[in-house]
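Geometric and topological summary
As a plain string of letters, each chain reads:
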Amino acid sequence: MAKDFSFSCSECGAVYRKWAGQCESCQAWNTIHETKALSSGPKGKTLGAVRGQAIPLTDLDTQETEPPRTQAGVGELDRVLGGGLVKASALLVGGDPGIGKSTLLLQAAARFARNGLKVIYISGEESNAQVQMRARRLGLEKSPVLLAAETNLRDILTTLEAERPDLAIIDSIQTMWADTVESAPGSVSQVRASAHELTTFAKRNGMAVIMVGHVTKEGAIAGPRVVEHMVDTVLYFEGERGHQFRILRAVKNRFGPADEIGVFEMTGKGLAEVRNPSALFLSERGAPAPGSVVFAGIEGSRPMLCEIQALVAPSPHSQPRRSVVGWDGGRLAMILAVLESRCGIPFTGLDVYLNVAGGLRINEPAADLAVAAALVSAREDATLPEKTVVFGEISLSGALRPVVQTENRLKEAQKLGFTEAIVPQQAKQPAVSGLQQRSATTLTGFVESVFGAR
Ligand code: TYD
Ligand code: MG
């Protein structure tokens, strides 16, 4: 007899035979719950026994027409979508509660409606009056967006079938409830079933559907990761609560490049797009200070400058603190180890704090050298020369490696008034007029050249 129950993680959907405290696949704690196993389908019949229809095959060369796209007219949003919203596609917008997903999507709905799409916004979390109040606050109350507050999936699909919109927004997928599934709304099986129904409906009827998914910490509600594989595009809306900057990041996109980001600012009148993020991320920078370094990074297709800050202080504890915001903690440990064993700069007995200013999160190894520079600068209490940007990857041997898109990074720095760049040496160093380049082949060479012989 097959067992009726199994266990699955509400964060990522991984299935287990028995309960465990931590999910092995996504490392989340307390997210594994007992769930009814999905049916394994009818048994005893093989598919090949019954004849189906032959599918027409084509080759790779025949030109299929590009899917039609509609632009929102908000550059930051359209770029993340890969050039606009594609017909008959399913999107997921994930993010922490309160980060601004509903605000973003209401504004997007109004934009798409103004550009000729028929848009239905279905809220499972707020009443019509609440959404209307938000619309008034955003100055969008006159936009031709249709509104409903509903969680019953069957009623929603019936309505969508009758209304035939070009775009439906479902806020949020965790509140949707399919009567074919027994478990409570928000559980893994409900979220999966609802997302599956909506996606299939969208593909079949040429409608685009955007589903909101809250990133959850408590295990009873399934996170957006359980539906990531079903949809065409996965966007995450990120940002630090205390900052007004918000970043929309494409982590998966079947219709455009992934890793593209759009930068927004949360204002009193909703989200405003930020066209020149480098200038914004650097705008709060004061006079050059020890521990502060400007990193010339690339986010998606776009160069972006930001400030990396480090603080190094004697530790009162036997085990010094290593605290990172906006960067990878493992990578910080690696850079500290390289500084210690290759350059003879120890950090033992010192607390280390690293922060990427403005709430930005950096994933590139190209930031290695900027981080190392910030750490040494903080430790030695020495400032870097003014108007200088730094980037480059550090290998475990202490050698510096050139990084992709060097020229774009240099051009952006020059555009924002920087006069010097410190970079890894490479065979064909691209030249940018007005920007002096200092290059090094090893981390030791870099430290000597910037902070003097030690
Ligand atoms: P919301 O879109 O409701 O977040 P989510 O749907 O992701 O849970 O936005 C929540 C926050 O945004 C709320 O704390 C207030 C803030 N906000 C503004 O600062 N300005 C605005 O114009 C709006 C509508 C919201
Ligand atoms: Mg919301």
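Residues numbered from 1 in each chain as written. Chains lettered and ligands numbered in written order. Predicted model: local features only at pLDDT ≥ 70, side-chain atom pairs only at ≥ 80, totals over all residues. Heavy atoms only, no water.

Looking at the pattern of salt bridges
Across all of its chains, the model carries 18 salt bridges by this definition. For Arg134, the salt bridge is made with Glu126, and the minimal N-O distance between the two is 3.1 Å. Given the relative accessible area of 21%, Arg134 is considered partly exposed. Across the pair Glu364 and Arg409 runs a salt bridge, and its minimum N-O distance is 2.8 Å. Within this pair, whereas Glu364 is found in the loop between β18 (350-356) and α8 (368-380), its partner Arg409 is found in helix α9 (residues 406-415), the two being separated by 45 residues in sequence. (Salt bridge = Lys/Arg side-chain N within 4 Å of Asp/Glu carboxyl O. Buried < 20%, exposed > 50% of the residue type's maximum accessible area, 1.4 Å probe, protein only. Helix = DSSP H or I, 4+ residues; strand = E, 2+ residues; numbered from the N terminus.)

Comments concerning the packing of helix α2 (residues 101-114) against helix α3 (residues 128-137)
For any two helices packed against each other, one specifies the inter-axial angle together with the distance between the axes. It is at 11 Å that the axes of α2 and α3 come closest, and there the two elements cross at 70 degrees. As far as their axial angle goes, α3 and α2 are roughly perpendicular. For the pair α2 and α3, the contacting residues are Ser102, Thr103 and Leu106 in the first and Val131, Arg134 and Ala135 in the second. Counted by class, the contact of α2 with α3 contains three nonpolar, two polar and one charged residues. (Axes fitted to C-alpha atoms, helices over the stretch in contact; angles between N-to-C directions. Parallel < 35°, antiparallel > 145°, perpendicular 65-115°, else oblique. Contact = heavy atoms within 4.5 Å. Nonpolar A, V, L, I, M, F, W, Y, C, P; charged D, E, K, R; others polar.)

Considering the sheet that holds strand β19 (residues 388-390)
Backbone-to-backbone hydrogen bonds pair the strands of a sheet. The strands run either parallel or antiparallel. Ordered by their spatial adjacency, seven strands build an open sheet running β17-β18-β16-β15-β19-β22-β23, and the pairing between neighbours is mixed. Both edges of this open sheet fall to β17 (322-325) and β23 (436-440), since each of them pairs with a single strand only. Neighbour-to-neighbour, the strand axes of the sheet open up by a mean angle of 25 degrees, direction not taken into account. In this sheet, strand β22 (residues 420-424) lies alongside β19 in parallel orientation, the contact comprising three bridges. By the bridge assignment for β22, Thr388 is matched with Glu420. (Pairing = 2+ DSSP bridges.)

Considering the pairing of strand β13 (residues 261-267)
Two faces belong to every sheet, and in a regular strand the side chains alternate between them. Here strand β12 (residues 245-253) pairs with β13 via five bridges, running antiparallel. Within β13, the position partnered with Arg246 by the bridge is Phe264. Here β13 pairs with strand β14 (residues 270-273) via four bridges, running antiparallel. For Phe264, the partnering residue across the bridge sits in β14 and is Glu273.

Side note on unusual backbone geometry
A cis geometry characterises the amide bond from Asp171 onward to Ser172, with omega recorded as 0 degrees. With respect to the helices, strands and loops of the structure, Ser172 is situated in the loop between β9 (167-171) and α5 (188-205). Backbone geometry at Gln27 places phi at a positive 65 degrees, although glycine is not the residue there. Turning to its location among the elements, Gln27 is positioned in the loop between β2 (15-16) and β3 (32-36). Within the chain, Arg164 stands out as a residue other than glycine whose phi angle is a positive 50 degrees. Structurally, Arg164 is set in the loop between α4 (153-163) and β9.

Here's the deal with the packing of aromatic side chains
All told, the structure shown has two aromatic pairs when counted by the stated rule. Plain terms: the ring middles of Phe237 and Phe264 are 6.3 Å apart, the flat faces sit at 70 degrees to each other, and that makes the pair edge-to-face. Of this pair, Phe237 sits in strand β11 (residues 233-238) while Phe264 sits in strand β13, placing them 27 residues apart in sequence. By relative accessible area, which is 3% here, Phe264 ends up buried. Measuring from ring centre to ring centre gives 5.2 Å for Phe245 and Phe281, while their planes differ by 70 degrees; the resulting arrangement is edge-to-face. Highlighted residues: Phe245 in strand β12 and Phe281 in helix α6 (residues 277-283), separated in sequence by 36 residues. In this structure Phe281 comes out as buried when scored by relative accessible area, which is 3%. Residue placement shows Arg379 over the ring face of Phe347; its charged tip is 5.7 Å from the ring centre. (Phe/Tyr/Trp six-rings, centres within 6.5 Å; stacked < 30°, edge-to-face > 60°. Lys NZ or Arg CZ within 6 Å of the ring centre and 35° of its normal.)

Side note on the site of ligand 1
Contacts to ligand 1 come from 16 residues, most closely from Gly98, Lys101, Ser102, Thr103 and Arg134. A distance of 2.7 Å separates an oxygen atom of ligand 1 from a polar side-chain atom of Arg134. At the level of secondary structure, the elements contributing two or more residues to the shell around ligand 1 comprise α2, α3 and β13. (Near = heavy atom within 4 Å. Polar contact = N/O pair within 3.5 Å; in protein donor to acceptor, adjacent residues only side chain to side chain.)

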